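Structural overview
One-letter residues, chain by chain:
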Amino acid sequence: MIIDVHTHINNYHEDRVVSLEDCLNLLTETMIKNKVDYSLVLTSYKVNEHRPSTKQVVEAIKGRNNLGVVSGISYLNYNHRDIREIGEYLEKGLIKALKFYPGYEPFYPNDSRLKVWYEMAIEYDVPVMFHSGDTYAPTGKVKYSHPLHIDDLAVDFPDLKIVICHVGNPWIRDCMEVVYKNKNVYADISGLVLGDFSDKFERFMKKEIEEMITYAGDPNYLLYGTDWPISNMKSYLKFMDQLELEDDKKELIRWKNAAELFNIDVAKL
C-alpha cells in the first residue's frame with residue numbers, strides 16, 4: 001500500500017486556466033498508473049482562479065474515497081468566518097489536517113496569532129503541517145521556514161501533532177534533531193526535487209535520508225509524500241525503493257505512519 005501525504009491541485013501553469021475537475025482527474029490517473037492507494041490534497045494559503053479554496057476541494061472530492069483534504073491556512077488573511085468554516089469541516093471529518101506556509105508568508109510557527117488554529121487541531125486530533133526549507137518561489141523568505149523554529153512550537157504544544165514538510169531541505173540535519181527530540185513531530189520527504197530525480201541527486205538525497213534514520217531511529221516519524229505535480233510520482237517511488245531499509249521500515253514510511261497520523265481508514269481503500 002502507498003499513501004502520498006503531500007499533493008497539490010494548484011495550476012502551476014498560470015498562462016492557462018485548468019478546471020478543478022481536470023486537475024483531480026489527472027491526479028487520480030497518475031495515482032492509478034503508480035499504484036498509489038490514497039493521497040492527501042493540500043490547498044494553498046491563497047485562493048484565486050489557479051488555486052482552489054478548501055471549500056471547493058472538499059466539495060469536489062465527494063465520492064473520491066482515495067483522496068483527503070488538508071486545509072491551507074493563511075497567516076495574513078484569515079478571519080472569524082474562516083475559523084468557523086474550518087471548524088465545521090473538522091467536526092464533520094471532512095479535512096485531515098491543517099497546512100501553514102512560513103517562508104511564503106512572513107511568520108514563525110510559534111506566532112501567537114496562530115494559537116486558535118493549534119488549539120482547534122488538538123481538539124479534533126488532526127496534525128498541522130508546515131512548509132519548511134527552500135521555497136519554490138524566489139520571493140519566499142527562508143528565515144521563516146527553517147525547521148528549527150518548529151522546536152519552539154513542539155515544546156509549547158506537546159499535544160499538537162506536527163509535520164515538517166520536505167524534511168526541512170536543505171536543513172535536513174536540523175530537521176533530524178527536531179524530530180528526534182520531540183515525539184510529537186513528524187516529517188515528510190516531499191518536494192526534494194523538481195520533476196525527476198537525477199542519478200547524482202538521488203544518491204545524495206538517499207544518503208541524507210538514511211543518515212536521518214540512523215540518527216533518529218526507526219522511521220515511525222517519517223512520511224511518504226511527493227509534492228506532485230511539482231515532483232514526479234514515478235521518480236519518487238524509484239527513490240523510495242533505493243533506500244537501504246528493511247521492508248517493514250519502508251512500510252512504515254509508505255503508508256502505516258500516515259494511516260495512523262491522519263486517521264485514514266485503509267480498510268475502505
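Please refer to the structure higher up on the page.
Residues numbered from 1 in each chain as written. Predicted model: local features only at pLDDT ≥ 70, side-chain atom pairs only at ≥ 80, totals over all residues. Heavy atoms only, no water.

Focus on the overall build of the protein
- Helix and strand counts for the protein come out as 9 helices and 8 strands.
- For a compact globule of 269 residues, the expected C-alpha radius of gyration is about 18 Å, and the protein comes in at 17 Å, within 12% of that figure.
- Expressed along its principal axes, the backbone C-alpha trace of the protein runs to roughly 45 × 40 × 40 Å.
- When each of the 269 residues of the protein is scored for burial, the buried share is 55%.
- Within the protein, contacts between residues separated by at least 24 positions form 78% of all contacts whose residues are at least 6 apart in sequence.
- Looking at the protein as shown, the accessible area adds up to about 12600 Å², and 48% of this sits on carbon and sulfur atoms. (Helix = DSSP H or I, 4+ residues; strand = E, 2+ residues; numbered from the N terminus. Rg over C-alpha atoms; globule rule 2.2 N^0.38 Å. Buried < 20%, exposed > 50% of the residue type's maximum accessible area, 1.4 Å probe, protein only. Contact = heavy atoms within 4.5 Å. Areas by Shrake-Rupley, 256 points an atom, 1.4 Å probe, with all protein chains shown as cover.)

Some thoughts on the pairing of strand S2 (residues 38–42)
- Most of S2 sits inside the fold, with 5 of its 5 residues counted as buried.
- Judged by which residues are buried, S2 turns out to be covered on both faces: Tyr38, Leu40 and Leu42 on one side and Ser39 and Val41 on the other are all buried.
- Note that strand S1 (residues 3–7) and S2 share 3 bridges and pair parallel. Counterpart to Asp4 in the pairing with S2 is Ser39.
- By the bridge criterion, 4 bridges tie S2 to strand S3 (residues 67–73) in an arrangement that is parallel. Paired with Val41 across the bridge in S3 is Val69.
- Regarding topology, helix H2 (residues 54–60) serves as the crossover connection from S2 to the parallel S3, and that connection is right-handed. (Pairing = 2+ DSSP bridges. Right-handed = clockwise from strand over helix to strand, strands pointing away.)

Some thoughts on the pattern of salt bridges
- The final tally for this structure, using the stated rule, is 14 salt bridges.
- Several salt bridges converge on common partners, so that one network encompasses Arg173, Lys207 and Glu211. (Salt bridge = Lys/Arg side-chain N within 4 Å of Asp/Glu carboxyl O.)

Let's talk about the side chain of Arg64
- Position of Arg64 relative to the elements: it lies in the loop between H2 and S3.
- By relative accessible area, Arg64 is classed as buried at 15%.
- For Arg64, the contacting residues outside a window of four places in its chain are Glu21, Leu24, Asn25 and Thr28.

Here we look at helix H8 (residues 233–242)
- Those residues of H8 not exposed but buried are Met233, Ser235, Tyr236, Leu237, Phe239 and Met240.
- Here H8 starts with a cap whose side-chain oxygen sits 2.8 Å from the backbone nitrogen of Lys234, and that cap is Asn232. (Polar contact = N/O pair within 3.5 Å; in protein donor to acceptor, adjacent residues only side chain to side chain.)

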